[in-house]
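These are the residues of each chain, in order.
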Amino acid sequence: MNDSNDKLEIELAALRPRQLSADLAQRIEAATRTTSRPWSDRILFFAMGMGSLAACVIVGILTFSGSVSTDPHPTHPLQPIATAPMLGSYSLILAHNDDAGMNPAP
Amino acid sequence: MRQRGPALVLFARQWSITPADAEDAVQSGFVQFWKTRRRARDEIAYLYACVRTAALDLGRSQHRRHHRQQAAARDEASVFQPNLERAERRKHIESALNQLPADQREVVVMKIWGELTFPQIAEIQKVSLNTAASRYRLALQHLMANLAEEMSYE
């Protein structure tokens, strides 16, 4: 029985199915080419895009903030908060104190 | 696809009335497979399952419309490559194949021309491995019985 099965299998296998028509091959190729990517791919590409964008923003912020704080030649120099005392100011203060010592309050 | 294509068309032909319907089913099934192939454990088995579903869907929708043309269309073109020396024999084999119960014919096509394994066939037909193997054995017995008049085995 097995032997006859084998013979039949060989005979069946010797019959080859018809080749694909050129039209079908072209249609399948076109259909698979235009088929949109699966959702998993879309999500992956979206995540990669967002990651790249975030990296660009971070690099931009760092570059911008570094240029402000390390500029050695500012175009508008900062004004001093308090002016240094001048030489004449000291003599006036001393004179004022001397007057106070000469005329004690009654 | 070029390697598997001919067997897939033959496979789809079982549920298709015309060769063009079988090709449409293969195209539809292959596109479905292509979109969702990442979910497949066994890509070949999944491809056959997609083509089977597409052919069944297409066959159901066209069955009523083509019912009258069915017999004529089946005879219109052989599913195998023509071989002048054995044309008569090929015709008998095709006829014997068409007489098989659908589930047995399906197994024979997948095993012989699709070169699928029994585990793959079992997965496609959603049956146990033993059922797939026994369907194949039964199919061969039926084929031999159908061809008995002209074949001399042993």
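S.K.: Describe the overall build of chain A, naming the residues involved and giving the relevant values.
M.R.: Within chain A, the regular secondary structure consists of four helices and zero strands. The order of helices and strands in chain A, counted from the N terminus, is α-α-α-α.

S.K.: Before we move on, can you summarise the overall build of chain B with the specific residues and values?
M.R.: Of the regular secondary structure elements, chain B holds eight helices and zero strands. Ordered by position in the sequence, the α and β elements of chain B form the string α-α-α-α-α-α-α-α. Taking all 154 residues of chain B together, 49% fall into the buried category. Counting only contacts in chain B whose residues sit at least 6 apart along the sequence, the fraction spanning at least 24 positions is 62%. Accessible surface computed for chain B: about 8400 Å², of which carbon and sulfur atoms make up 48%.

S.K.: Describe in detail the packing of helix α1 (residues 2–14) of chain A against helix α8 (residues 129–147) of chain B, supporting the description with residues and values.
M.R.: Interaxial distance between α1 of chain A and α8 of chain B falls to 10 Å at its minimum, and their mutual angle equals 80°. Classified by the angle between their axes, α1 of chain A and α8 of chain B sit roughly perpendicular to one another. Of the residues in α8 of chain B, those touching α1 of chain A at S4, N5, L8, E9 and L12 of chain A are Y136, L140, L143, M144 and L147 of chain B. Looking at the contact of α1 of chain A with α8 of chain B residue by residue, the class counts come to seven nonpolar, two polar and one charged.

S.K.: Residue-level account of the confidence of the model for chain B, with values.
M.R.: Residues and elements named next belong to chain B. On average, residues of chain B score 83 in pLDDT, and 80% of them reach the 70 mark or higher. Element-level pLDDT for chain B is lowest in helix α4 (residues 70–76), with a mean of 53, against a maximum mean of 94 in helix α7 (residues 118–125). Predicted as a complex, the structure gets a pTM of 0.62 and an ipTM equal to 0.73.

S.K.: Can you break down the interface of chain A and chain B residue by residue, with the values?
M.R.: Across the contact, 26 residues belong to chain A and 37 residues belong to chain B. Of the roughly 3100 Å² buried at the junction of chain A and chain B (both faces included), carbon and sulfur atoms supply 63%. Considering only the surface of chain A that becomes buried against chain B, L12, L15 and R18 of chain A emerge as the three largest contributors, covering 20% of it. Put simply, chain A and chain B have two salt bridges between them. Salt-bridge contacts for R27 of chain A lead to E23 of chain B; the nearest nitrogen and oxygen are separated by 3.6 Å. Taken together, the links from chain A to chain B amount to six residue pairs in polar contact (both at pLDDT 80 or more). No other element matches α1 of chain A, which puts eight residues into the side of chain A that touches chain B.

S.K.: Report on unusual backbone geometry, specifying residues and quantitative values.
M.R.: What is expected of a backbone is that most residues other than glycine have negative phi and most peptide bonds are trans. All names here are of chain B. A positive phi angle, close to 55°, is found at E115, a residue other than glycine. Secondary-structure assignment places E115 in the loop between α6 (102–113) and α7. Since its relative accessible area comes to 55%, E115 is described here as exposed. Its identity as a non-glycine residue notwithstanding, K126 has a phi of 55°, on the positive side. K126 sits in the exposed class, given a relative accessible area of 73%.

S.K.: Tell me about the packing of aromatic side chains, and name the residues and values.
M.R.: All names here are of chain B. Counting across every chain of the model gives six aromatic pairs over all chains. When the ring of F30 is compared with that of F33, the centres are 5.7 Å apart and the planes differ by 50°; the resulting orientation is tilted. Residue F30 and its partner F33 are both found in helix α2 (residues 19–36); the two are separated by three residues, about one turn of the helix. Taken as a pair, F30 and F33 share a single burial class, namely buried. Among the aromatic residues, ring-to-ring pairing joins F30, F33, W34 and Y46 into one connected group. One cation-aromatic arrangement involves R37 over W34; the distance from NZ or CZ to the ring centre is 3.9 Å. Over the aromatic face of F118 sits the side chain of K111, whose NZ or CZ is 5.1 Å from the ring centroid.

S.K.: Describe in detail the confidence of the model for chain A, supporting the description with residues and values.
M.R.: Detailed reading of the predicted coordinates is not advisable wherever pLDDT falls low. With 57% of its residues at a pLDDT of 70 or more, chain A shows a mean pLDDT of 73. Put simply, helix α4 (residues 87–102) of chain A is where chain A has its lowest mean pLDDT, 57, and α1 of chain A is where it has its highest, 83.

S.K.: Explain the nonpolar core to me, using residue names and the numbers behind them.
M.R.: Formed by 49 residues in total, the largest nonpolar core has its most connected members in L12 of chain A together with V26, Y48, L97, V108, W113 and L143 of chain B. Once you skip the residues sitting within four places of it in the chain, W113 of chain B turns out to touch L12, A13, L15, R16 and P17 of chain A together with A7, L10, F80, L97 and V108 of chain B.

S.K.: Kindly report on α6 of chain B, identifying the contributing residues and their values.
M.R.: All names here are of chain B. Over its 12 residues, α6 runs 16 Å from end to end, which matches the ideal 16 Å to within 8%, given 1.5 Å per residue. Those residues of α6 lying buried are Q104, R105, E106, V107, V108, V109, M110, I112 and W113. Count one or two residues on from α6 and you reach E115, which has phi positive near 55°.

Thresholds, definitions, all that
- Residues numbered from 1 in each chain as written.
- Chains lettered and ligands numbered in written order.
- Predicted model: local features only at pLDDT ≥ 70, side-chain atom pairs only at ≥ 80, totals over all residues.
- Heavy atoms only, no water.
- Helix = DSSP H or I, 4+ residues; strand = E, 2+ residues; numbered from the N terminus.
- Buried < 20%, exposed > 50% of the residue type's maximum accessible area, 1.4 Å probe, protein only.
- Contact = heavy atoms within 4.5 Å.
- Areas by Shrake-Rupley, 256 points an atom, 1.4 Å probe, with all protein chains shown as cover.
- Axes fitted to C-alpha atoms, helices over the stretch in contact; angles between N-to-C directions.
- Parallel < 35°, antiparallel > 145°, perpendicular 65-115°, else oblique.
- Nonpolar A, V, L, I, M, F, W, Y, C, P; charged D, E, K, R; others polar.
- pLDDT = per-residue confidence, 0-100.
- Buried area = accessible area lost by both parts, 1.4 Å probe.
- Salt bridge = Lys/Arg side-chain N within 4 Å of Asp/Glu carboxyl O.
- Polar contact = N/O pair within 3.5 Å; in protein donor to acceptor, adjacent residues only side chain to side chain.
- Phe/Tyr/Trp six-rings, centres within 6.5 Å; stacked < 30°, edge-to-face > 60°.
- Lys NZ or Arg CZ within 6 Å of the ring centre and 35° of its normal.
- Core = buried A, V, L, I, M, F, W, Y, C linked by side-chain atoms within 4.5 Å.
- Expected span 1.5 Å × (residues − 1).

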